2 protein chains.
Amino acid sequence: MVEKVYVTYNQVHKLCQASAPHILSSFQPNLMIAIGGGGYVPARILRSFLKRPGSPNIPIQAIGLSLYETLSSSDPVEQVGTKVTRTQWLDLSSLEMSNLVGKNVLIVDEVDDTRTTLEYAVRELEKDVEAASEKMGRGGEKTRFCVFVLHVSAQSLFFMREGTEMEGREGLADWELQNKDKPKKGQLPQDMIEENRYLAANTVGDVWICYPWEATDIDDHDRLAALQPVVENK
Amino acid sequence: MVEKVYVTYNQVHKLCQASAPHILSSFQPNLMIAIGGGGYVPARILRSFLKRPGSPNIPIQAIGLSLYETLSSSDPVEQVGTKVTRTQWLDLSSLEMSNLVGKNVLIVDEVDDTRTTLEYAVRELEKDVEAASEKMGRGGEKTRFCVFVLHVSAQSLFFMREGTEMEGREGLADWELQNKDKPKKGQLPQDMIEENRYLAANTVGDVWICYPWEATDIDDHDRLAALQPVVENK
């Protein structure tokens, strides 16, 4: 049975708060893209902490992605496939959206577990923005995508390099070693990794994360979270 | 100085939870539309409580609306105008979205204060869905819009009728009387009010609501919330 880790709202809030300085200094986002539904809450919290006095809020656009586990009976190699479908996407023909060409875009989600959804989001957004900028005659301008998640599960850590370490995350190198051989379903672009355009606020083992917005009894959820060994806000 | 009311994450969570049975039985939503950024958090929480066993999640679409206070120097009657601009909208030409014709759609936001944003959202969504259904040759099918907000401020209460009262909200009639003459900037369609397609989880006076996702110190925010007279979760 997979171990459950309970995360409270205030822990989520503090993870966003703790990550904001790094996001501001390294990513300098002009726009956030929240992957719904999991990215809605962290994106909204993060917006408060990314606001600089005298500057307007960093706008949030939402996209919707659903992950379906599909059983393929015809292909014995790919017995279980994973299909991502769009339920909402950006309107890149609109004026606001065409403005993102050449800017820094921060993609926000709750958890990076199998990486399937993130791979899809990054790949498709890069492709669509590239096509839009070509169409505008601005193909030379590179739009820079960054990723922020609340949690990355250990099995995905092979893709993280030493540059993504945060203060107090010295254990990361060990995770990389331990999990090197674990297979991941999705991959992020090599240049995103090399340029440290990926940030997970916290690292967890191969556990099931219980987010507060899924709790049927939030008091009980908080009680269970308090009983856990401290894994948040290191 | 306007009085501040501090609302915790868990209070927001419980407001959504307490409202879910009424939303399920009366509104029976097929789709949620979250007005960003305020509607993101309640919409995501609500999704958990609207899920029925054996049924898929009710999908969330996000729209983005910004409220600008504009100073009009030329028109002495309208000295301060309020302009709503779209930062994100629905793609009604997509297959998923065309499916909402004839369905029940729940619009979700955090607070109904001046009602300006809600008026805009309901009016424009009704108009666009009507146009889309005409185009599809399904003009006879009525799409039913409902509204859910966490809080309604007393000054907007004139628009609420006795039918929108919830258990334990007996004080509502008084508010209606007391605030009858207060001017509101926005209005909701008459049939939405008459058919009770509006629900505010809680009623507050003419106060400034501090939502937790805007707190720079969440522990201090919770402490201030605990010091208040109980106004939530009646």
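The rules we used
- By convention here, each chain's residues receive numbers from 1 onward along its written sequence.
- Think of it this way: whatever chain is written first is A, whatever ligand is written first is 1, and the rest follow in order.
- The predicted nature of this model means local features are confined to residues of pLDDT at least 70 and side-chain atom pairs, given and counted, to a pLDDT of 80 or more, with totals for whole chains, interfaces and linings taken over all residues.
- For side-chain calculations, the full set of non-hydrogen atoms in the structure is used, while hydrogens and water are omitted.
- The helix count covers DSSP runs of H or I at least four residues long, the strand count covers runs of E at least two residues long, and both are numbered beginning at the N terminus.
- Only heavy atoms matter for contacts: two residues are in contact if any of them lie within 4.5 Å across the pair.
- We get accessible surface area from the Shrake-Rupley algorithm with a probe of 1.4 Å; when it comes to residues, only the shown protein chains can shield them.
- Note on definitions: angles span 0 to 180 degrees between N-to-C directions of axes, and those axes are lines fitted to C-alpha atoms, for helices only across the stretch in contact.
- The labels follow the angle: roughly parallel below 35 degrees, roughly antiparallel above 145, roughly perpendicular from 65 to 115, and oblique for the rest.
- Crossings are assigned a handedness: left-handed for a near helix turned anticlockwise from the far helix by less than a right angle, right-handed for a clockwise turn.
- Classes in brief: Ala, Val, Leu, Ile, Met, Phe, Trp, Tyr, Cys and Pro nonpolar; Asp, Glu, Lys and Arg charged; the others, Gly included, polar.
- A simple way to read buried area is as the amount of 1.4 Å-probe accessible surface that goes missing from two parts once joined, with both sides added.
- When a carboxyl oxygen of Asp or Glu lies within 4 Å of a side-chain nitrogen of Lys or Arg, that pair is called a salt bridge.
- Definition of a polar contact: a pair of N or O atoms within 3.5 Å, with one able to donate and the other able to accept a hydrogen when the atoms are protein atoms, and with sequence-neighbouring residues admitted only if both atoms are side-chain atoms.
- Note on classification: 1.4 Å probe, protein chains only; a residue is buried when its accessible area is under 20% of the maximum for its type, exposed when over 50%, partly exposed between these limits.
- Copies overlap after least-squares fitting; the atoms used are the C-alpha atoms of residues with pLDDT of at least 70 in both.
- Note on ring pairs: Phe, Tyr and Trp rings are taken, using the six-membered ring of Trp, and paired if centres are within 6.5 Å. Classes follow the plane angle, with under 30 degrees stacked, over 60 edge-to-face and the rest tilted.
- Over a ring means this: the NZ of a Lys or the CZ of an Arg is within 6 Å of the ring centre and within 35 degrees of the ring normal.

An unreviewed UniProt entry annotates chain A as Hypoxanthine-guanine phosphoribosyltransferase originating from Alectoria fallacina.

> Quick rundown of the overall build of chain A? Include the residues and the values.
Helix and strand counts for chain A come out as seven helices and eight strands. Considering only intrachain contacts with a sequence separation of at least 6, the fraction spanning at least 24 residues in chain A is 79%. As displayed, chain A offers around 11100 Å² of accessible surface, 51% of which is attributable to carbon and sulfur atoms.

> Outline the packing of helix H1 (residues 9-27) of chain A against helix H2 (residues 40-50) of chain A, listing residues and values.
Two quantities define a packed helix pair, namely the angle between the axes and the distance from one axis to the other. Residue and element names in this part refer to chain A. Across the interface, H1 lies against H2 with an axial gap of 9 Å and an inter-helix angle of 50°. Viewed along their axes, H1 and H2 adopt a mutual orientation that is oblique. Along this stretch, H1 crosses H2, giving a crossing that reads as right-handed. Residue-level contacts link Val-12, His-13, Cys-16, Gln-17, Ala-20, Ile-23 and Leu-24 of H1 to Pro-42, Ile-45, Leu-46, Phe-49 and Leu-50 of H2. Its residues placed into classes, the contact of H1 with H2 shows 10 nonpolar, two polar and no charged.

> Give me the lowdown on the interface of chain A and chain B, citing residues and values where you can.
Contact with chain A, which involves 31 residues of that partner, is made by 31 residues of chain B. Among the residues chain A hides against chain B, the three largest losses belong to Tyr-9, Tyr-40 and Arg-44 of chain A. Together they make up 23% of the total. At the boundary of chain A with chain B, the tally comes to four salt bridges. For Lys-14 of chain B, the salt bridge identified is with Asp-219 of chain A, shortest N-O distance 2.9 Å. For the interface between chain A and chain B, the tally reads 18 residue pairs in polar contact (both at pLDDT 80 or more). Mapped onto the side of chain A that touches chain B, the elements with two or more residues apiece are H1, H2, strand E3 (60-71), strand E4 (80-88) and helix H7 (218-227) of chain A.

> Can you tell me about the environment of Pro-189 of chain A, naming the residues and giving the values?
All names here are of chain A. Secondary-structure assignment places Pro-189 in the loop between helix H5 (172-178) and helix H6 (190-194). Along the backbone, Pro-189 and Arg-44 are 145 residues apart, and their C-alpha atoms lie at a distance of 26 Å. Those residues within four positions of Pro-189 in sequence are excluded, and the remaining contacts are Val-122 and Glu-126.

> For the environment of Thr-87 of chain B, give the residues involved together with the corresponding values.
With respect to the secondary-structure elements, Thr-87 of chain B resides in strand E4 (residues 80-88). Look at Thr-87 of chain B and you get partly exposed, because its relative accessible area is 24%. Counting along the chain gives 21 residues from Thr-87 of chain B to Ser-66 of chain B, while the straight-line C-alpha distance between them is 7.0 Å. In this view, Thr-87 of chain B contacts Gln-61 of chain A together with Gly-64, Leu-65 and Ser-66 of chain B; residues no more than four positions away in its chain are not counted.

> Lay out the relation of the copies chain A and chain B with the relevant residues and their values.
When chain A is brought onto chain B, the operation consists of a screw motion whose angular component is 180° and whose axial shift is 0.0 Å, with 0.0 Å RMSD remaining. Here the two chains are linked by the operation of a two-fold rotation axis.

> I'd like a rundown of the packing of aromatic side chains, residues and numbers included.
For the structure shown, the criterion picks out eight aromatic pairs over all chains. Centre to centre, the rings of Tyr-9 of chain A and Trp-213 of chain A are 6.3 Å apart; their planes meet at 50°, and the pair counts as tilted. Placement of the pair is Tyr-9 of chain A in helix H1 and Trp-213 of chain A in the loop between strand E8 (208-210) and H7, with a sequence separation of 204 residues. Note on Trp-213 of chain A: relative accessible area 0%, which makes it buried. Of the aromatic side chains, those joined through ring pairs into one cluster are Tyr-9, Tyr-211 and Trp-213 of chain A together with Tyr-9, Tyr-211 and Trp-213 of chain B. Between Arg-86 of chain A and the ring centre of Trp-89 of chain A, over which it is positioned, the NZ or CZ distance is 3.9 Å.

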